[in-house]
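# Inside the fold
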Amino acid sequence: MWIDSADMDQGIESQLDFPVGLGLRFSFARELIENDEAVKTIDFLEIAPENYIGTGGFRHRILSQARNVYPLLTHGLMGDLIGLAPFDEGYFSQLKEFIHEWNIPWFSDHLCVTRTPSNVLHELLPMRFDGESLKRCVERIQRVQDILGVPVAVENVSAYMRVEGSIMDEAHFISELIAQSGCQLLLDINNVYVNAKNFGHRAHDTIDALPLRNVIQVHLAGHEVEDDGLRLDTHGTPIHQNVFELFQYALPRLVHGTPILLERDKAIPPLSELLLEIDTIRASVSAFMRDSLPTKNSS
Amino acid sequence: MNIRSLASIDYDALIFSKDEKRATHRKSTSSTPPRKQRAHKLYRRMARNSLMSVVRAACPQAKRLNPELLDVMIQAFLEESSLQEPLYWRIPVVFAEWLRESNSFQHHPALCELLQWECSHPDILNAPNDNFVEDDFAPLTIQSRLALSNSLRLFVHSYQSHKILDDEKVKTEPSTLPHFVLAYRHDDSVHWREVSAPLASLVALTSEGSSIEDAINQLSMSGFGIANNKLIKELHPFYALKVIATR
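Bear in mind that the values here come from a model prediction, so they are computed numbers and not experimental data.

The next subject is the state of the cysteines. The full count for this structure, using the stated rule, is zero disulfides over all chains. For C137 of chain A, which is in no disulfide, the shortest distance to another cysteine sulfur is to C183 of chain A and amounts to 8.8 Å. For C112 of chain B, which is in no disulfide, the shortest distance to another cysteine sulfur is to C119 of chain B and amounts to 11 Å. The buried category is assigned to C112 of chain B, whose relative accessible area is 12%.

Before going further, it helps to examine the confidence of the model for chain A. Within chain A, residue pLDDT values average 92, and 92% of them lie at 70 or more. This model gives residues 4-15 of chain A a pLDDT under 50, and the stretch forms 17 contacts once residues within four places in sequence are excluded.

Glancing now at the side chain of T41 of chain A. All names here are of chain A. With respect to the helices and strands, the residue T41 is situated in helix α3 (residues 36-41). Classification of T41 by relative accessible area gives buried; the value is 6%. Among residues more than four places away in sequence, those in contact with T41 are V20, L275, I278, D279 and R282.

Residue and element names in this part refer to chain B. Two elements in contact, helix α3 (residues 34-58) and helix α5 (residues 67-80), have axes whose closest approach is 10 Å; the angle formed by their N-to-C orientations is 125°. Considered as vectors, α3 and α5 are oriented oblique to each other. As for how α3 packs across α5, the hand of that crossing is right-handed. Residue-level inspection shows R48, L51, M52, V55 and R56 of α3 in contact with α5, the latter providing L70, D71, I74, Q75, L78 and E79. Grouping the amino acids of the contact of α3 with α5 by side-chain chemistry returns six nonpolar, one polar and four charged.

Attention now goes to empty space enclosed by the protein. Throughout the structure, instances matching the rule amount to three cavities of 30 Å³ or more. A per-element tally of the lining of the second largest cavity places helix α7 (residues 109-119) of chain B first, with three residues.

Below, the discussion takes up α7 of chain B. Among the 11 residues that make up α7 of chain B, 10 are buried, leaving the element largely enclosed by the rest of the structure. Buried within α7 of chain B are the following residues: A110, L111, C112, E113, L114, L115, Q116, W117, E118 and C119 of chain B.

What follows is about the sheet that holds strand β1 (residues 20-23) of chain A. The strand order β1-β2-β3-β4-β7-β8-β9-β12 (chain A) describes a closed barrel built from eight strands, whose pairing is parallel. Strand-to-strand, the axes of this sheet are offset by a mean angle of 30°, without reference to chain direction.

Reading the values: rules and limits
- Numbering of residues starts from 1 in every chain and runs along the sequence as written.
- Chains and ligands are labelled sequentially in the order written, the chains with letters from A and the ligands with numbers from 1.
- Residues qualify for local features only when their pLDDT is at least 70, as the model is predicted, and side-chain atom pairs are given and counted only at 80 or more; totals for whole chains, interfaces and linings, by contrast, use all residues.
- Only hydrogens and water are removed before side-chain values are computed, so all heavy atoms of the structure are retained for them.
- Counting rule for disulfides: a pair of cysteine sulfur atoms within 2.5 Å.
- Think of it in three bands: residues with accessible area under 20% of the maximum for their type are buried, residues over 50% are exposed, and the middle band is partly exposed, with areas taken using a 1.4 Å probe on protein chains only.
- Every residue gets a pLDDT, meaning the predictor's confidence in that residue, from 0 to 100.
- In what follows, residue pairs with any heavy atoms lying within 4.5 Å of each other are defined as contacts.
- Secondary structure elements are taken from DSSP: a helix is a run of H or I of four residues or more, a strand is a run of E of two residues or more, and numbering for both begins at the N terminus.
- Whenever a helix is involved, its axis is fitted only over the stretch in contact; in every case the axis is a line through C-alpha atoms, and angles between N-to-C directions fall within 0 to 180 degrees.
- Orientation labels follow simple angle bins: below 35 degrees gives roughly parallel, above 145 gives roughly antiparallel, 65 to 115 gives roughly perpendicular, and whatever is left gives oblique.
- For a crossing to be left-handed, the near helix must be turned anticlockwise from the far one by less than a right angle; the clockwise case is right-handed.
- The nonpolar class holds Ala, Val, Leu, Ile, Met, Phe, Trp, Tyr, Cys and Pro. Asp, Glu, Lys and Arg form the charged class, and all remaining residues, Gly among them, are polar.
- The rule is simple: put a 1 Å grid over the protein atoms alone, call a set of points where a 1.4 Å probe fits but cannot get out a cavity, call an open set with protein on both sides within 12 Å along at least five of seven lines a pocket, and count a residue as lining if it has an atom within 4 Å of a point.
- Grid points are joined across faces, edges and corners, and a volume is the space filled by probe spheres set on the points.
- Two strands form a pair only when DSSP identifies at least two bridges running between them.

So, in structure tokens, the structure goes:
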């Protein structure tokens with residue numbers, strides 16, 4: 001599995017089993033494009049399409065320049081894949097145009113409430129996990145897949161409360177959703193960990209319950225802990241050691257070639273620090289690959 | 001199926017209700033876990049901070065001049081409007097549109113004009129690129145049909161908001177005559193030029209498809225008397241910057 005790199009020279013597919021990328025942020029966009037060390041270290045960039053759809057000027061130019069150096073993946077914010085609001089034809093029409101213009105291989109967005117019939121919320125709010133929600137999600141995702149013409153993936157989100165009326169856990173809901181809609185999973189390891197801590201269950205159990213063969217991409221990020229122990233998914237710190245260990249636990253069951261992304265949105269450090277963090281992820285992946293080689297050869 | 005039946009939280013009220021206590025304790029009873037109430041507050045705070053900060057960031061002068069009133073205005077926008085915009089960067093633009101149609105703050109005309117001006121900047125800076133070609137810049141004549149840059153916007157200012165400086169206070173008196181301002185993107189910045197009333201009218205008319213000649217005829221019928229060559233001369237700087245072309 002890998003993103004379409006047909007017009008890239010790197011030949012990534014043959015060289016890297018688990019490409020490691022970084023979320024593109026305006027604060028370091030120019031450095032990413034011009035810094036040789038960054039170009040050597042980062043295998044792909046992930047962008048929020050909402051930041052670029054319909055734009056020209058600086059945003060369009062940055063994206064063009066980035067595309068010349070890196071493959072791009074998108075990760076949407078306000079697609080409303082759970083279908084709580086009426087289908088936004090205009091948004092998905094623009095998104096489709098964007099995805100095809102920039103040669104994006106798939107589209108992912110969050111499995112949560114981002115819109116209501118009355119408002120776009122610009123926040124990721126928890127949803128109810130029940131049969132009725134599942135039916136609507138399946139219908140919405142199939143419609144989005146038909147329109148976009150590329151695979152669609154849902155991301156498991158962090159949450160700070162459960163919604164009344166939920167009759168299944170998130171992992172069960174996601175498994176059913178994937179089975180019924182044919183969508184893929186963007187596995188956010190940090191969110192699995194944050195939810196496990198906030199709701200008092202084992203993160204490893206969630207990993208075990210999720211359909212890891214359907215993971216199309218992985219997110220890694222940091223979080224912060226409030227005084228009362230509540231974990232906030234802020235993307236404002238380096239990856240916690242426990243999250244990293246959870247990633248290593250999941251890694252053997254991921255399909256080789258699954259892109260792994262480092263996210264950082266708050267308290268963004270110098271790019272050199274992010275590159276070191278990417279190196280750490282890559283070293284972990286390389287160690288796993290080395291260890292798994294005999295198994296591969298013998299099979 | 002009732003679409004609302006999917007939700008067991010009133011998400012709109014949670015984030016957009018004016019009354020925070022009511023929004024975050026809506027269905028709470030004595031047995032509601034404090035952690036859930038805290039989560040409600042947390043979501044409300046995160047969503048509202050995010051929405052308010054993108055507007056505040058778009059209007060630094062308005063924020064400098066009257067931060068308290070600006071926050072009151074943004075809160076009113078969140079609580080009174082139905083936010084349908086999925087693109088985060090466009091929220092200031094939507095806020096300005098709401099402010100233009102709202103009656104709530106008309107007694108602050110200078111600040112409203114400044115907000116209209118500052119909040120238009122993301123729209124100008126991010127406007128789609130123009131697809132002009134060299135042939136679109138043939139010598140400008142009276143027969144030319146103008147093509148306007150996607151980033152070009154016309155403003156009519158009473159308080160010269162486009163000229164406000166970092167150490168100025170809020171203007172209290174409007175100018176005797178309105179100021180017509182054409183703003184556009186150049187080198188990743190918003191630039192502007194004041195123009196005459198006839199040129200502003202001509203730009204407005206040609207944006208609807210009229211040729212310069214047709215527009216001048218319409219202006220003459222409206223009582224504007226202006227020499228053609230003067231109008232062409234006034235257009236030239238925009239033409240040289242390629243924010244106006246011919247078709």
